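Descriptive structure summary
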Amino acid sequence: MEPAMPVDIRAINEEIQRESAFITLIRNEVGRIIVGQHYLLDRLLIALVSNGHILVEGVPGLAKTLAIKSLSEAIQARFSRIQFTPDLLPADIIGTVIYDFQSQKFVVKKGPIFANLVLADEINRAPAKVQSALLEAMQERQVTIGDETFALPNPFMVMATQNPIEQEGTYPLPEAQVDRFMLKVVITYPEKEEERRIIRQNVNHKPDPIRPVATTDDVLRAQAVVPKVYLDEKMETYILNIVDATRSPEQYGLESLKPYIAYGASPRASINLALGARAHAFIKQRGFVIPEDVRALAYDVLRHRIGLTYEAEADEVTTEQIIAEILNKVEIP
């Protein structure tokens, strides 16, 4: 086995601080429009610089649409919003071939998926065939229309939303498809003082439009730099142990969790936890991963990848409680 190459942490730190400077500009600019929701904005940025996708669950009116739209304006990216409904067809998302009477030829009409940032609003309102069309495009980053294959723009990120309070007339995402999302974020109501600011901001005056403070080129450079963030072997082992504890909790002194877990997290969880930890360090302008980076992303990476048994539902045990017990038990390096 070849010896590991020495890592110049100082050089990595300098590069990270240089290439992540635009993150602060985005936070400040979007923060003018959106009160609170720092957690959501940080997760959007983490998914963006990790080249991943994000699933957001929250009741209506929590600025989910405004957050991703403002982010797209701040980085001068193309934005599209797809409202998912039961009568939506795959062609409404990816596009189709239409007949042009002027040229008397069939031409390709591209769908709204051809944007840098795509909002898939209430994804669980559309049937499985439509969900699959979107998720295939997310995974392959290309779309086939007729006989032609088209690459999607770069950068490309999908933010899908789910409304947790309305279940009638919805089509829950299958577990294998939910696994395609790097993160699942659950957002809640703002604090009372934040809501006071929201009232004043929307009733008294309208804030100025979002100013472009970065470009998609900044994002692409960040995506190239994030994998350079140093991930020590001990941190890798920590990530592996956390994910493995969702599959074999009894090996980590968590026998009580065994009856509640139908299946544990997939290898995508390990990959995305490592990527997310690196991206979290990047937006904190740090060139190396620490345990807090892993713990900060554990809930978002794992909550949609752990299957619960009927016994867990009967005892009202949630995935958040399971993740919390695992984080408390698995040894921190």
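One can find the structure itself at the top, above this paragraph.
Here's a quick rundown of the structure. (Residues numbered from 1 in each chain as written. Predicted model: local features only at pLDDT ≥ 70, side-chain atom pairs only at ≥ 80, totals over all residues. Heavy atoms only, no water.)

1. Description of helix 10 (residues 233–247)
- Between its terminal C-alpha atoms helix 10 stretches 21 Å, which fits the 21 Å expected from 15 residues at 1.5 Å a residue.
- Residues M235, Y238, I239, I242, V243, A245 and T246 constitute the buried set of helix 10. Projected down its long axis, helix 10 carries its buried residues within an arc of 155 degrees, all on one side. Across helix 10 from its buried face, at more than 90 degrees, point the exposed residues E233, K234 and L240.
- Considering only its buried residues, helix 10 is in contact with strand 10 (261–263), helix 11 (267–283), helix 12 (291–302) and helix 14 (319–329).
- Between the side-chain oxygen of the N-cap and the backbone nitrogen of K234 there are 2.9 Å, and the N-cap of helix 10 in question is D232. (Helix = DSSP H or I, 4+ residues; strand = E, 2+ residues; numbered from the N terminus. Expected span 1.5 Å × (residues − 1). Buried < 20%, exposed > 50% of the residue type's maximum accessible area, 1.4 Å probe, protein only. Arc of directions from axis to C-beta. Contact = heavy atoms within 4.5 Å. Polar contact = N/O pair within 3.5 Å; in protein donor to acceptor, adjacent residues only side chain to side chain.)

2. Examining the sheet that holds strand 1 (residues 54–57)
- Spatially, 2-5-8-1-9 is the arrangement adopted by the five strands of the open sheet, whose pairing is parallel. For this open sheet the edge positions go to strand 2 (79–83) and strand 9 (183–186), each flanked by a neighbour on one side alone. On average, each strand axis in the sheet is tilted by 20 degrees relative to the strand beside it, whichever way the strands run.
- With four bridges connecting them, strand 1 and strand 8 (residues 157–162) associate as parallel partners. Its bridge partner lying in strand 8, V56 is registered against T161. (Pairing = 2+ DSSP bridges. Axes fitted to C-alpha atoms, helices over the stretch in contact; angles between N-to-C directions.)

3. What to know about the nonpolar core
- With 75 residues, the main nonpolar core has I75, L183, I242, F282, V294 and L302 as its most contacted residues.
- If near-sequence neighbours (up to four positions away) are discounted, I242 is found in contact with L273, V294, L302, I326, L327 and V330.
- Core analysis: the next-biggest nonpolar cluster, separate from the first, contains 28 residues, F84, A126, V143 and I145 among them. (Core = buried A, V, L, I, M, F, W, Y, C linked by side-chain atoms within 4.5 Å.)

4. Here we look at the packing of helix 10 against helix 11
- Taken N-terminus to C-terminus, the directions of helix 10 and helix 11 make an angle of 150 degrees; their axes are 9 Å apart at the nearest point. Taken together, the axes of helix 10 and helix 11 are roughly antiparallel relative to one another. The two elements helix 10 and helix 11 cross, and the hand of that crossing is right-handed. Every residue of helix 11 that contacts helix 10 at I239, L240, I242, V243 and R247 is listed here: P267, A269, S270, L273 and A274.
- Residues of the contact of helix 10 with helix 11, tallied by class, amount to eight nonpolar, one polar and one charged. (Parallel < 35°, antiparallel > 145°, perpendicular 65-115°, else oblique. Left-handed = near helix turned anticlockwise from the far one by under 90°. Nonpolar A, V, L, I, M, F, W, Y, C, P; charged D, E, K, R; others polar.)

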